[in-house]
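# Observations on the three-dimensional arrangement
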4 protein chains.
Amino acid sequence: MSESFKRVVLAYSGGLDTSVIVKWLQVTYGCEVVTFTADLGQGEELEPARAKAELMGIKPEHIYIDDLREEFVRDFIFPMMRANARYEGDYLLGTSIARPLISKRLVEIAAETGADAVAHGATGKGNDQVRFELSAYALNPDIKVIAPWREWDLASRTALIEFAEKHQIPVPKDKRGESPFSTDANLLHTSSEGKVLEDPWEETPDYVYSRTVNPEDAPDTPEYITIDFAKGDGIALNGEAMSPATLLAALNDLGRKHGIGRLDLVENRYVGMKSRGMYETPGGEIYARAHRGIESITLDRGAAHLKDELMPKYAELIYNGFWFSPEREMLQAAIDHSQEKVDGTVRLKLYKGNASVVGRKSPNSLYSERHVTFEDDAGAYDQKDAAGFIKLNALRLKLLAKRDR
Amino acid sequence: MSESFKRVVLAYSGGLDTSVIVKWLQVTYGCEVVTFTADLGQGEELEPARAKAELMGIKPEHIYIDDLREEFVRDFIFPMMRANARYEGDYLLGTSIARPLISKRLVEIAAETGADAVAHGATGKGNDQVRFELSAYALNPDIKVIAPWREWDLASRTALIEFAEKHQIPVPKDKRGESPFSTDANLLHTSSEGKVLEDPWEETPDYVYSRTVNPEDAPDTPEYITIDFAKGDGIALNGEAMSPATLLAALNDLGRKHGIGRLDLVENRYVGMKSRGMYETPGGEIYARAHRGIESITLDRGAAHLKDELMPKYAELIYNGFWFSPEREMLQAAIDHSQEKVDGTVRLKLYKGNASVVGRKSPNSLYSERHVTFEDDAGAYDQKDAAGFIKLNALRLKLLAKRDR
Amino acid sequence: MSESFKRVVLAYSGGLDTSVIVKWLQVTYGCEVVTFTADLGQGEELEPARAKAELMGIKPEHIYIDDLREEFVRDFIFPMMRANARYEGDYLLGTSIARPLISKRLVEIAAETGADAVAHGATGKGNDQVRFELSAYALNPDIKVIAPWREWDLASRTALIEFAEKHQIPVPKDKRGESPFSTDANLLHTSSEGKVLEDPWEETPDYVYSRTVNPEDAPDTPEYITIDFAKGDGIALNGEAMSPATLLAALNDLGRKHGIGRLDLVENRYVGMKSRGMYETPGGEIYARAHRGIESITLDRGAAHLKDELMPKYAELIYNGFWFSPEREMLQAAIDHSQEKVDGTVRLKLYKGNASVVGRKSPNSLYSERHVTFEDDAGAYDQKDAAGFIKLNALRLKLLAKRDR
Amino acid sequence: MSESFKRVVLAYSGGLDTSVIVKWLQVTYGCEVVTFTADLGQGEELEPARAKAELMGIKPEHIYIDDLREEFVRDFIFPMMRANARYEGDYLLGTSIARPLISKRLVEIAAETGADAVAHGATGKGNDQVRFELSAYALNPDIKVIAPWREWDLASRTALIEFAEKHQIPVPKDKRGESPFSTDANLLHTSSEGKVLEDPWEETPDYVYSRTVNPEDAPDTPEYITIDFAKGDGIALNGEAMSPATLLAALNDLGRKHGIGRLDLVENRYVGMKSRGMYETPGGEIYARAHRGIESITLDRGAAHLKDELMPKYAELIYNGFWFSPEREMLQAAIDHSQEKVDGTVRLKLYKGNASVVGRKSPNSLYSERHVTFEDDAGAYDQKDAAGFIKLNALRLKLLAKRDR
C-alpha cells in the first residue's frame, strides 16, 4: 500500500459491506472518510445511514445524503431513453446509467471537502468498477480511486464478518450467511445476479423478484394508460403533468402491478466474461415502448433509421462506463437533435407482463392518411412515380446481373 | 401501352383481384398468361386456384402450383432469423421476406415457359411492388415486369367489380363491398393494414386478428417448451426433430394458443410515407427470442455486438426489397460465419402474450461459472488485472480532462 | 404538358444551354422567367448574364445575380470539411455541396417573386437533378420543379442549336460543335466528365485540366505553408487572418501552382450507373489534409474514430442530395460537437502534386510527450497497467479458444 | 517472479535488445530459450541471428529461422488490402498486420518444442505488446506470455548495456548511445518513432527515411505501370505474373524510386495515448490505390459503400490487435464475398511521391458507356424514370417540410 490519502469520499449505502469499507479505509490508510449516500430511488430509508456513519466516527459535516432522483431521471435516464438504448437487444441499462451520476457527486464532494480520493464498493469482476472509475477520471483526472474489493484480503464472507466483528461493526443476522444472490436497485430497475442465478439453464426462482408481481398473479383485466411527451421526454401520465422522477415512479407502480419488465439475460460484461442477470424494469419498460411509439409518428425515416444504427454503439458506451466521453456526447448531440418535434400522446395497454402500444397521436405527426389510404388520395401520391423509383433503384442490380450471368 | 408481350407469368392467388389481373393482361396485351400460385403456408387451399385458372382459359401446363414452404423457411426465414432482424426495432419482416422467393419462382417459370414478362398484384403505394421488381430484375435483368395496379384505370372497387362482371369473373358475395382492411399471410405472419387501421390513435379492433387468440383468452397456465438449435437454426421442438417448416408451423400453433406475437406498428415505407400495420407473428416471435437466447451463451461479445450493429442495415435491406443484392449477401456471409457454434437448447415460458427465455444450455457455451462466480474462482480471474484495464481505458479521458478543465 | 406555371425561377448561367431553357420555358409554359445567377467562385464574369437575360425579355427586377461565395464556404464547404467527407474514399464532393445552396436561393427567390416553380439545367442521367430537387422540395414542399432536359425533345446538340437559332439566341462559334467533355466549376473544384473521358482505361488528356498545372510543370522547390484553425474551421493562411472564401481562394492559387488535387475517378452515381469523372480540387485537397492534421492532435480517439465511422454515410448523404435532411443534420450535430477544441496550426509542404502535413501544434493538444516518450516519463504511465489491460481484453478470446480447440 | 517456466519461445531479431532478453530470460527464469527469427521482408540477413543465438547457448534445434514472406503477404497483407484498410484515414497498418503472424509462429513453435511460454521484445507503452499477446492467447488460451520490458528494471539504455556487458553480450558500437529514433520494418513498411520525432510540430528529418528517396530526388519523368488483379488480389506487374511477396517487393522498388508512400502521422494508440510516427509504405501505397482502382469498376455500389462503412472498424480491429477475433473474421467473410469478381488491370502513373490511377479495365466491368454516355444511349436508360425516383425519395422530406413550416 504505497499510496497514502488524507481524506476519501466513499459511496456509502449504510449496509454491512460499505460499513466494512469505511473501517478498512480508516485502518488501512489512516485517512478521514467522507460518506456519500445517494437517493436514486432504490426504495430504502437513507437516514439510518447517517446514524451508522456517525457511529463509525464520520464527522457530521462529512456525511452527505443527497436526493438525486430528479437529476437521475432528467439528466441520465431520459437522455438515454431518447436513444431507445438497449444493450444486447434487451437490457435497459438500469445499473449502468446510475454509476456516472454517483461518480459525478463523489468527485464534486471530493472537491468540496478537499478529499484526495474516492472509493466504491464494486468488485473486481464486474462492470461497475469500470463505470465508477472511468467517470471519476473523466471528471477529475487527478482524483485517486480506491477499490477495496480489488485490494484487500477479505476474500470470503467469513473474513469480512470477522473484520466487522473485530472492529465493532454491527452485523445484522440476515447478513451472517451468504446471500443467495446480490442486487442493485434504483428508480429505473432492480438487478439480481450471482449464486442461485449462476446456472443459466435454471429458471430464476420466484423469490428473486422484488419489483414486479408474477404476471400470473397480475390483474385479469387490462389497464389502459396514456403518456404525453414533449421534445422526446415524458411529461404526463393519463393527462396529469409530472416531473421526470414522479412520472417514472408512477410507471413503476403500474409496471409492478401488471408484472411488466422482467428480463432474464445472459450478457457480455466489459471485463470479458459472460454473466447471467435478472432485471426488473417495470416503469422503464413501459416508458421505452411508449417512446418508440411516439417516435413512430413524429420522426422521419432518415432520423429513425440513423438512430437505430447508432443505438447499439450508444448502449455499449453506457454499459462499458463511457457516459462521460466525447463519443457518447457526440451521439447524444445527434440523438437530441432528432427529438425537437417528438411531442404527443401514446396509449398503452398493460396486461400480465405485456405493455403494448395501441394508439399514438401528435400535433407533429408525419403520418398522413391522405398518402397512405387505400381510398382515393386526391392526388397526394402518383403511383406512376413508383415505376421510375423502382427502375432506378434496380439499375445497378440489373447491370450486375447482366455481368454475372 | 407501347410494349407488347407474348406470355406473362403472374403471381396468382386465385382470389378476385388476381383473377381480374389475369383477364386484364389477356385483354390489354393479348398475351398468354401463366399462373403461379405458391404455398408459403398462408393456410389456404391452393387447388381451387387451378380450377379458376382453367376457367379463365389458362393452359393446364401453364398453371403452376408449388409448395415452397420448406424452401421459404430454410433459405429465407432462417437466414434472416440468424441476423435477429427486426425492422424499426420490432417488425419481424414477415411480408418482406416472402417477396424475393415469389419473384425467384416467377423468373424461373418465365424461363421454363418462354415468357417475356412477369406480373404481380401489388399496388403502387406499397413496398411489395419494390420487393417483387427489384428481385425480378436482379435475377433476370432482361425480364419485363407488369404492375397492373400502377397501369390500369380500375381505381375504385366498383370499377374492379364491373370489370370482373363484364368478363364473367365470379365475384364472391363477401368481395362485393369494401374489405375493412387488407391482409397478407404466410407461414411467418399475417399482416393487416388499411381502412379501419388507418387512424393510428384507434386501437386495432379485435376482429382484425386471425392468427392468435387474444392474450386475455389464452390459457391461464404457462406452458414451457424447448427449442434445439444447430449452427444457428432451429432443429427440434421439445426434443423432437423437425424440418424447418414443420418447426415453424408447430411454433405458430403454440403462439396462437398463447396470444403471442401481436404487433401494432406505425412504420416507414420505402416509398416515403408512414403506414400503420398490425402484424401477427406467433411462431416467429417465439423463435426470434429463442435464437437470441441460444446466441447469448454461444456467441462471443465481439461477434454479438458486431451483429447488433449490422442488424438495422440488414433489416432495412430486406424491408426495402434488396434481398438479392451484393450488400445483403455480404452481411449474410458475416452473419453466417458467426453461427458455426450456435448450438444448444433454449427453454421458454409461454404465457398470455409473453414468450420469455428462462433457460439456455449448449455444448458450446462460453458462459463460465468459474469466471463469473462470487465464490472462489480458483484463480481463473485475477481481480488486480481490472485495475490496469481501467487505467489504460481511462488514459485518454484523463488527458482530455486535463486539457479541458 | 398538363401543368401550367405563371412564373418560374431558373438557375441561369448565361451560357447557351440555360439560355435555350429560358426560351423553352417561355414558349412551352407561357410563363415569366426569373433568372438566378450565382457567383460560387466558378471564375466567370457574371454581368454578361444580366445582358443576355435582358435580351431574352427578362424583367430587370427578375434578374438575380448573387455573390454567394462566403456563404458557400462558411455554411456548406466548411461544415462538410469538419467531417473529413470523401465520397468513395476520394471525392471531395465539390459539385454535390454546391447544389443545395443553389436550390436554397431558388426557393427563396421564388418566394420573393411569387413564382410557382423553379427550374434547373441538369440532365436526367446525373446526380445533380436529384440534388437540386430534393433540396427544393425539402425547403418548400409545394414548390414545383421543372427539369427541361427530362421533358423536352431537344435530344441532340443539333436540335438544341436549331431551337436556339429559331428563337434568335446567339450561338457562340465554339458551342456549335460537341464539347469534348462537360464541366462544372465553383470555388471548391472543377469537375469534368463525358465524351473523351468515357473510356475509363484511357488516361485523361492534359487539356481537360483547367485548375491545376501538371505536377511535372510545377515548381521544383517545395513551398511550406501554415493554416490556422479555430473550432474546426480554417481562419488564417501563413498567419494572415482570412475570411472562409478568401482562404479557400488563396489555397486554390497554391494548389494550382503545385499541381495539387487532381483526381481521376470512376464513381457510383445515385441514379444507378457508374461514371468516370476528373476532379480538380486544389485548395480543397490542401485544406482537407490540414484539417485531419489539426484533428490528429486535438481530437480524442473516441471522437476521431466515431467520426471516421460516420463519415461514409455522411458523404453519401451529401453526394445523393440529402443535405437538407434530418439525418444529415443529426450527423452534423455530432460532428460539430467534436470540433469545439479543434484549434491550432498545421504546417504543410506543397510539392508537385503532394500536400503533406509536416507539423501541427495547438493550445488544445492532447499529444503528451510525457506519456509517449521513450525517455523517463516521471511516472506518467505505469507499464504494468498494460498487463491487466491485455489480460482483460484477452479474456473473451481465451474462453473462445478453450471452447473451440 | 512467482511464475516459473521451463522453456520459452522468444521472438528474436538477433539485435542487442532481444539478445539481452535471451540472457535475461535464462537468468531470471532459469529456463531454456527457443529463438524464433522471422523473415518478413525486413531486409536484413537472418543467418547472423543463428550464430548469435548459438553463442548464447541456444540449442541448434531450438533456433528457428523462417521465411514467412509469402505467407505474410498472401494470408495477412492481401486480405487486409481487400478491405482498403487505413487506420485513422491514412495508416496502412504495416506493423499491426505483422504481429499476429509472428504470434502464430511463436505459438506453433511452443507446441512443437514443448515450451510453456512465449516472449516478445515490445515495450509496455505501445500497441505491439497488445497485438502479440491477444494473438497468442487467441491461438492458445493456456500459453503464458512474458513481456520483459514490463517486468525488468533495465529502465535506461545504460542499465541495458551494463546488463549486456556483464553477461558477455557483444554491444555494437552504434548501439552504445541512444538511437535517435526506433524503427520496425517488414515487406509492407518501415515505421519510425520516438526521440527526434517526438515533437509533432517538427518536420521529420530526412535521415529518418530509409525506404524511399525524397520525392525531390526522384526521377523527373513519370513511370507508368500496370497491376493485374484476380479475385481482389494482385497477380501481375506490367503483365508479368508474380507471387504475392514478389509482387509487393517489386512495387516496393518502384515506390522507393519515386518517393511514394511517406506518411507523417499523429495517431491514437490503443493503450490510450497519442504518438507521432513516420511511415514508409512504398509498394503498399501503390497497391492500395490500385486495389481501389480495380474495385471502382468491378464492385457494385451497394458492396462498395458497405465496405467503406465497415472499413474503419476493420482497421481499428487490426490496429488494436484483434486479427484473431470472431468479429474480424466476420468482417473478412463479408469483404471476401465482395471480391469474387474483382478482376482486371489498373494502370498507374508514378511520379515524385504520387501514385495515381489513370486507367482501369476488367472483363467484369460494371461500367457501362451505354448508360452513362452523353450521346444517344439507344434506350438503355429512360430519363423520365428519374422524375419518379426523385419524387419518391423526396416524399418524406416534403411531409417533414409541410409539418415544420
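Worth saying up front: this structure is predicted, and the values here are computed from it rather than measured.

Time to look at the overall build of chain A. Helix and strand content of chain A: 13 helices and 14 strands. Considered along the principal axes of its C-alpha atoms, chain A spans approximately 85 × 55 × 45 Å. Within the span of chain A, comprising 405 residues, buried residues form 67% of the whole. Nonlocal contacts in chain A, meaning residues at least 24 apart in sequence, comprise 72% of its contacts between residues at least 6 apart. For chain A, the accessible surface area stands at approximately 13,900 Å², while carbon and sulfur atoms represent 48% of it. In chain A, 51 positive and 64 negative side-chain charges are present, and the distance between their average locations comes to 4 Å.

Moving on, we get to the packing of helix α8 (residues 244-258) of chain B against helix α9 (residues 282-298) of chain B. Residues and elements named next belong to chain B. Contact geometry of α8 with α9 gives a least axis separation of 6 Å together with a crossing angle of 105°. Here α9 runs roughly perpendicular to α8, going by the angle between their axes. Taking contact as the criterion, the partners of L247, L248, L251, N252, L254, G255 and R256 in α8 are, on α9, P282, G283, G284, I286 and Y287.

Glycine aside, a negative phi is what most residues show, and trans is what most peptide bonds show. One non-glycine residue with positive phi stands out, namely K231 of chain C, at about 50°. For K231 of chain C, the position within the fold is in the loop between β8 (223-230) and β9 (233-237). The phi torsion at K352 of chain D lies on the positive side, around 45°, for a residue other than glycine. By the element assignment, K352 of chain D lies in the loop between β13 (344-351) and β14 (354-361).

Taken as a whole and judged by the stated rule, the model has 54 aromatic pairs over all chains. Geometrically, the ring pair formed by F229 of chain B and Y287 of chain B is tilted, given 5.5 Å between the ring centres and 55° between the ring planes. Pair noted here: F229 of chain B is in strand β8 (residues 223-230) and Y287 of chain B is in helix α9, with a separation of 58 residues, a long-range link. Their ring planes at 75° and their centres at 6.0 Å tell us that Y270 of chain C and F322 of chain C sit as a pair that is edge-to-face. Pair noted here: Y270 of chain C is in the loop between β11 (262-268) and β12 (274-280) and F322 of chain C is in the loop between α10 (301-320) and α11 (326-338), with a separation of 52 residues, a long-range link. Both residues of the pair, Y270 of chain C and F322 of chain C, count as buried.

Our focus in this paragraph is the relation of the copies chain B and chain A. Once chain B is rotated about the relating axis by 180° and shifted along it by 0.0 Å, it coincides with chain A to within an RMSD of 0.0 Å. Here the copies are linked by what is in effect a two-fold axis. Taken together, the interface assignments show that 100% of the residues at the interface of chain B recur at the interface of chain A, consistent with an identical surface on both copies.

Counting residues at the interface gives 103 residues for chain B and 103 residues for chain A. When chain B packs against chain A, close to 9,300 Å² is buried across both sides, 55% of that on carbon and sulfur atoms. When the shortest N-O distance is used, the salt bridge between E327 of chain B and R396 of chain A registers 2.5 Å. For the side of chain B that touches chain A, the leading source of residues is helix α13 (residues 384-404) of chain B, giving 14 residues. Taken together, the residues of the side of chain B that touches chain A sort by class into 41 nonpolar, 23 polar and 39 charged.

The rules behind these values
Residues numbered from 1 in each chain as written. Chains lettered and ligands numbered in written order. Predicted model: local features only at pLDDT ≥ 70, side-chain atom pairs only at ≥ 80, totals over all residues. Heavy atoms only, no water. Helix = DSSP H or I, 4+ residues; strand = E, 2+ residues; numbered from the N terminus. Buried < 20%, exposed > 50% of the residue type's maximum accessible area, 1.4 Å probe, protein only. Contact = heavy atoms within 4.5 Å. Areas by Shrake-Rupley, 256 points an atom, 1.4 Å probe, with all protein chains shown as cover. Lys, Arg positive; Asp, Glu negative; His and termini not counted. Charge placed at Lys NZ, Arg CZ, Asp CG, Glu CD. Axes fitted to C-alpha atoms, helices over the stretch in contact; angles between N-to-C directions. Parallel < 35°, antiparallel > 145°, perpendicular 65-115°, else oblique. Phe/Tyr/Trp six-rings, centres within 6.5 Å; stacked < 30°, edge-to-face > 60°. Least-squares fit on C-alpha atoms with pLDDT ≥ 70 in both. Buried area = accessible area lost by both parts, 1.4 Å probe. Salt bridge = Lys/Arg side-chain N within 4 Å of Asp/Glu carboxyl O. Nonpolar A, V, L, I, M, F, W, Y, C, P; charged D, E, K, R; others polar.

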